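# Remarks on the overall topology
This is what each chain is made of:
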Amino acid sequence: MQGIIFDIKRFAVNDGPGIRTTVFFKGCPLECYWCHNPEGIRKCSVNIVKTVKLDGKTFRQNEVAGKVVTVKELMEIIRQDRIFMDESGGGVTFSGGEPTFQADFLLALLKTCRNEGIHTVVDTNGYAPEKVFKNIMPYVNIFLYDLKHLDPEKHLEGTGVSNDLILNNLKFLIKNGKSINIRIPVVPDFNFNSKDISAMLKLLNSYRESIDQINLLPYHTLAKNKYKRFGMKSSMNGSITGMKIKDLKDTKALFEERGFIVKVGG
Ligand code: SF4
């Protein structure tokens, strides 16, 4: 069994509890205009030829985003940090792109981790058939679940897909007692206004007992260079600057007032 990934981050501390190895799957069915990992959207690998000037000379460099790996190869890398995972209460996080977009590969990895007693987190946008979640659910300790917008039209505008499937899958995981951290990318010209935040608050409040934590992820523009590097067109609104942690102080307080544990960032 093999799949395609575009990065592995060792010693990650923001992708679930403890020290983790985060594996970034390549391919995502959404196309959020603020995406910070644009090299992860297409499922195939991408070759980029870069021109670098040094001491007046021009050099050509190849950069590849995407590597095909087997479950066996990936597990060998994951196991290297086992001692740090065990000591810190960490494990492995499957992120992306969208990990459920390579459902069989993800399931094979999750089952192997479970057999070896490795804690697992799946960081998902929720956009996959319900049966994918049904299959992986028994092998996932925590879901990091994105919630981007509750209005289907707005969701479609910002991400290229409607949100029905995402909201239904969230309900499904909650109904099945899964441990869930909600991640809200807060984007100024998309969902950062009192109407949209109140709608999210209302929905999440109805699930309050099932949600362990909410992460508010402030919009930033650091990925702009990546778009250039990978020859991709960015649809980010050039006039909107990145947000600061303090910009989310009031929003954080609103969620905390309802009893949620809230973190800004990661
Ligand atoms: S769901 Fe995540 S990875 Fe996919 S396009 Fe949106 S921000 Fe990027």
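Presented here is an overview of the structure given in this document. (Residues numbered from 1 in each chain as written. Predicted model: local features only at pLDDT ≥ 70, side-chain atom pairs only at ≥ 80, totals over all residues. Heavy atoms only, no water.)

Here we come to the packing of helix α1 (residues 71–79) against helix α3 (residues 103–116). At a minimum axis separation of 11 Å, α1 and α3 run at an interaxial angle of 45°. Compared by their axis directions, α1 and α3 come out oblique. At the point where α1 passes α3, the crossing takes the right-handed sense. Of the residues in α3, those touching α1 at Val71, Leu74, Met75 and Arg79 are Phe105, Ala108, Leu109, Thr112, Cys113 and Glu116. Considered class by class, the residues forming the contact of α1 with α3 number seven nonpolar, one polar and two charged. (Axes fitted to C-alpha atoms, helices over the stretch in contact; angles between N-to-C directions. Helix = DSSP H or I, 4+ residues; strand = E, 2+ residues; numbered from the N terminus. Parallel < 35°, antiparallel > 145°, perpendicular 65-115°, else oblique. Left-handed = near helix turned anticlockwise from the far one by under 90°. Contact = heavy atoms within 4.5 Å. Nonpolar A, V, L, I, M, F, W, Y, C, P; charged D, E, K, R; others polar.)

So, on to the sheet that holds strand β1 (residues 2–12). The strand order across the open sheet built from nine strands is β5-β1-β2-β6-β7-β8-β9-β10-β11, with neighbouring strands paired in mixed fashion. Looking at the sheet topology across the chains shown, the edges are occupied by β5 (67–70) and β11 (262–264). On average, each strand axis in the sheet is tilted by 30° relative to the strand beside it, whichever way the strands run. Inspection of the sheet shows strand β10 (residues 211–218) paired to β11 by three bridges, in the parallel sense. The residue bridging Ile214 from the neighbouring strand is Val262, located in β11. The strands touched by α1 are β1, β2 (20–25), β5 and β6 (91–96); relative to β5, the strand with the most contacts, the crossing angle is about 85°. (Pairing = 2+ DSSP bridges.)

Moving on, we come to the environment of Val132. When you line up the elements, Val132 lands in helix α4 (residues 130–136). We classify Val132 as buried; its relative accessible area is 12%. In this structure, the C-alpha to C-alpha distance between Val132 and Thr120, residues twelve residues apart in sequence, is 16 Å. When neighbours within four sequence positions are excluded, Val132 is seen to be in contact with Thr100 and Ala103. (Buried < 20%, exposed > 50% of the residue type's maximum accessible area, 1.4 Å probe, protein only.)

It is the contact of helix α7 (residues 194–206) with helix α9 (residues 249–257), at a shortest axis distance of 10 Å, that shows an interaxial angle of 25°. As the angle between them shows, α7 and α9 are arranged roughly parallel. Crossing geometry of α7 relative to α9 is assigned as right-handed. Residues Ile197, Met200, Leu201 and Leu204 of α7 touch α9, and the partners they reach there are Thr251, Leu254 and Phe255.

Grouped together as the largest cluster of nonpolar side chains are 66 residues, with contacts concentrated most on Phe94, Ile182, Ile184 and Phe255. It is α3 that contributes the most residues to this core, six residues altogether. Residues within four places of Ile184 in sequence aside, it is in contact with Leu147, Asn191, Met200, Leu204, Ile214, Asn215, Leu216, Leu217 and Phe255. (Core = buried A, V, L, I, M, F, W, Y, C linked by side-chain atoms within 4.5 Å.)

Before going further, it helps to examine the site of the ligand. Looking at the ligand, the residues that line it are Cys28, Leu30, Glu31, Cys32, Cys35, Ile41, Gly97, Asn125 and Lys148. Of the residues assigned to the shell around the ligand, the class counts are five nonpolar, two polar and two charged. (Near = heavy atom within 4 Å.)

Here we take up the side chain of Asn181. With respect to the element layout, Asn181 can be found in strand β9 (residues 179–186). Note on Asn181: relative accessible area 12%, which makes it buried. Excluding residues within four positions of it along the chain, Asn181 makes contact with Ile142, Phe143, Leu144, Tyr145, Asp212 and Gln213.

Where burial is concerned, most of β2 is hidden: six out of the six residues are buried. Burial along β2 is two-sided: Arg20, Thr22 and Phe24 facing one way and Thr21, Val23 and Phe25 facing the other are all buried. Sheet topology places β1 next to β2; five bridges connect them, and they run antiparallel. Across the sheet, residue Lys9 finds its bridge partner in β2, namely Thr22.

For the structure on display, the rule yields nine salt bridges. The closest approach of N and O atoms between Arg42 and Glu31, which form a salt bridge, is 3.1 Å. Of this pair, Arg42 sits in the loop between β2 and β3 (46–54) while Glu31 is found in the loop between β2 and β3, placing the two residues eleven residues apart along the sequence. For Glu76, the salt bridge is made with Lys72, and the minimal N-O distance between the two is 3.7 Å. Placement of both Glu76 and Lys72 in helix α1 is noted, with a separation of four residues, approximately one turn of the helix. By relative accessible area, which is 60% here, Lys72 ends up exposed. (Salt bridge = Lys/Arg side-chain N within 4 Å of Asp/Glu carboxyl O.)

On the surface, Phe11, Ile83 and Phe84 cluster together into a nonpolar patch covering about 310 Å² of accessible area. Assignment of secondary structure puts Phe11 in strand β1. Assessed through its relative accessible area of 42%, Phe11 is described here as partly exposed. (Patch = residues over 30% accessible without salt bridge, like charges linked within 9 Å, V, L, I, M, F, W, Y side chains within 5 Å. Areas by Shrake-Rupley, 256 points an atom, 1.4 Å probe, with all protein chains shown as cover.)

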